[in-house]
Amino acid sequence: MQDLAINGGPRAIESTLPSFRDASGRTFGQEELDALTEVIKSGRLSFLTGPKTSEFERAFAEKYGVKHAVAVANGTAALHTAVIYLNPEPGDEIILSPVTDVGTVIPVIAQLAIPVFADVDPVTQNIDPVSIERNITPRTRAILVTHVYGHPADMDAIMAIARKHNLVVIEDCAQAHLAYYKDKLCGTFGDIACFSFQQSKHMTTGDGGMVISNEDERFGRGLRHCSDKGWPRERGGRDHLFLAPNYHMTELQAAVGLEQLKKLEQFVDARVASADRLTELLAGVDVQPVLPLEGTVGVYFFYSFRLDPSKLSVPVTQVMTALTAEGIDGFIGYPGQIPLYKYPVVRDHKTFGSSGWPFTLEAARKIDYSSVLCPEAERACQETICMWWTDRLEERHLQQIAAAIHKVISTYSKSAGSA
Ligand SMILES: Cc1ncc(COP(=O)(O)O)c(C=O)c1O
């Protein structure tokens, strides 16, 4: 039996891996530096006076073949802009997955809508269309679909349900830049799609986000006004038509975004190629990589794999501790070892003062978020290891990552030594 690093043995990963946290795992060049210098020298740091934000919006819309793109401060802001646009009545319901970032649910609650959690498919960990349909009530307004880990959700089934029940579909593509479901880009199925350019994403502006759509006016409001103080600036003068925050992107973010967008294919291809290679290297190891659905192109925001606790001689937490000691950069479960609805903001209604709104509103259906609402999601959160991924991983890194996983799993496998 190999000596685990956790027991004082040699680490399988000799040096640190490229990380999204710094230049080792991010790809910036002279282009970004020049673009930033240009903005600073121009003295125009806001979209109000500079050209970069609208150039970035046009380029992003073109890449996705859609009519409109609105650049915003971050991915949560993008999703909030989409939900503000939907203009739900307090107590209206929005269906989403509990295997996603908290940034997916914050906008729902902030607009006083009720998050209704549908369970996930046990294999892909994406929202399960059957569970979506079961959770539809007369109050349901929208389905908010996260393409989790960068792998496309089952959009044919989801769009069919949305059409049947006349629901709006918002796609959360924060992790799914240039992911394809069949021949179509994720982000072009629903009514609106939202992206994040946060530090860990396929392309980054540090923080940043984008909303895309083929429409820019419905529900009694304009899409762009939803991230701009409800302000129809294009008419001139000052007017504020409804409650909306200021989520502007700065020219500095947009300048970097424009350059990163030019390299997006390269980033995505590199992530996918190294993920495919790791899957190959893990072929003989008793783990279940979370792979994209057949006929789709997943883009590996994380590289995730599932463990079967019944085959292990130690808890999954011990496996993770041992992997970390070997040099793996990962964690158990997304968005943690509990699904989204078990965090205090949802389960304990930690929202506006002591009101508990929107959960306590008379108009709202009461849901007990402390119960096991989504059993597959609960299991996935406890049995999945997510590894941070970047476009800078090389063959030698992948060999070492595979060796680390092999070493730890074979040591802790119940069948170890019995063959
Ligand atoms: C699936 C998903 N949705 C929403 C968000 C929120 O984006 P941001 O962190 O840019 O606000 C993220 C980012 O972590 C995400 O991964």
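The preceding data block contains the structure.
Before going into details, it helps to say that this report is about the structure given with it. For every chain, the first residue of the written sequence is number 1, and numbering continues from 1 along that sequence. Totals for whole chains, interfaces and linings use every residue, but because this is a predicted model, local features are given only for residues with pLDDT of at least 70 and side-chain atom pairs only at 80 or more, for both listing and counting. With hydrogens and water set aside, each side-chain value is computed from the structure's full complement of heavy atoms.

The subject of this paragraph is unusual backbone geometry. A cis amide bond, omega 10 degrees, links Tyr-334 with the succeeding residue Pro-335. Take Pro-335: it is sitting in the loop between strand 15 (330–332) and helix 10 (344–347). Across the junction of Trp-357 and Pro-358, the peptide omega takes the value 0 degrees, indicating a cis bond. Within the element layout of this structure, Pro-358 appears in the loop between helix 10 and helix 11 (375–383). We note that Tyr-300 has phi near 50 degrees; this positive angle belongs to a residue other than glycine. Counting through the fold element by element, Tyr-300 comes out in the loop between strand 13 (296–297) and strand 14 (302–306). Buried means the residue's accessible area, taken with a 1.4 Å probe over protein chains only, is under 20% of the maximum for its type, while exposed means over 50%, and partly exposed covers the values in between. A residue is classified by how much of its surface remains accessible, and Tyr-300, at 3% relative accessible area, is buried. By the criteria applied, helices consist of DSSP H or I runs no shorter than four residues and strands consist of E runs no shorter than two, each listed in order from the N terminus.

Below, the discussion takes up the pairing of strand 14. The buried count for strand 14 comes to 5 of 5 residues, which makes it a mostly enclosed element. A pair of strands counts as paired when DSSP detects no fewer than two bridges linking them. Relative to strand 14, strand 12 (residues 288–289) runs antiparallel, the two being bridged by 2 bridges. Its bridge partner lying in strand 14, Pro-289 is registered against Phe-305.

Strand order in the open sheet formed by 4 strands is 12-14-16-15, and the pairing between neighbours is antiparallel. Unpaired on one side and paired on the other, strand 12 and strand 15 mark the two borders of the sheet. With 3 bridges connecting them, strand 15 and strand 16 (residues 384–388) associate as antiparallel partners. From the neighbouring strand, Gly-330 faces strand 16, where its bridge partner is Met-387.

Turning our attention to the pattern of salt bridges. What counts as a salt bridge is simple: a side-chain nitrogen of Lys or Arg found within 4 Å of a carboxyl oxygen of Asp or Glu. The final tally for this structure, using the stated rule, is 24 salt bridges. A salt bridge links Lys-52 to Glu-38; its shortest N-O distance comes to 3.4 Å. Linking Lys-52 in helix 2 (residues 52–64) with Glu-38 in helix 1 (residues 30–42), this pair joins segments that are 14 residues apart in sequence. Ionic pairing is found between Asp-92 and Arg-141, a salt bridge with its closest N-O pair at 3.3 Å. Remark: Arg-141 occurs in strand 4 (residues 140–146) and Asp-92 occurs in the loop between helix 3 (75–86) and strand 2 (93–96); sequence separation between them is 49 residues. For Asp-92, a relative accessible area of 6% gives the class buried. Residue class for Arg-141 comes out partly exposed when judged on its relative accessible area of 22%. Members of the salt-bridge network, linked through shared partners, are Glu-31, Glu-32 and Lys-263.

Another aspect to go through is the site of the ligand. Residues are classed as near a molecule or strand on a simple rule: at least one heavy atom within 4 Å of it. Taken together, 15 residues lie around the ligand, and Gly-75, Thr-76, Asp-172, Ser-196 and Lys-201 are the ones closest in. Identification of polar contacts relies on pairs of N or O atoms within 3.5 Å, with a donor-acceptor requirement for protein atoms, meaning one able to donate a hydrogen and the other able to accept it, and with residues adjacent in sequence counted only if both atoms are side-chain atoms. Interatomic distance of 2.8 Å between a side-chain N/O atom of Ser-196 and an oxygen atom of the ligand. At 3.5 Å from an oxygen atom of the ligand is found a side-chain nitrogen or oxygen belonging to Tyr-334. Computed on the free molecule, the ligand has an accessible area of 390 Å², of which 90% lies beneath the protein chains in the complex. Grouping the constituent residues of the shell around the ligand by class yields 3 nonpolar, 9 polar and 3 charged. For accessible areas, the Shrake-Rupley method is used with a probe of radius 1.4 Å. Any residue's cover is judged against the shown protein chains and nothing else. Three categories are distinguished: nonpolar for Ala, Val, Leu, Ile, Met, Phe, Trp, Tyr, Cys and Pro, charged for Asp, Glu, Lys and Arg, and polar for the others, with Gly belonging to the last.

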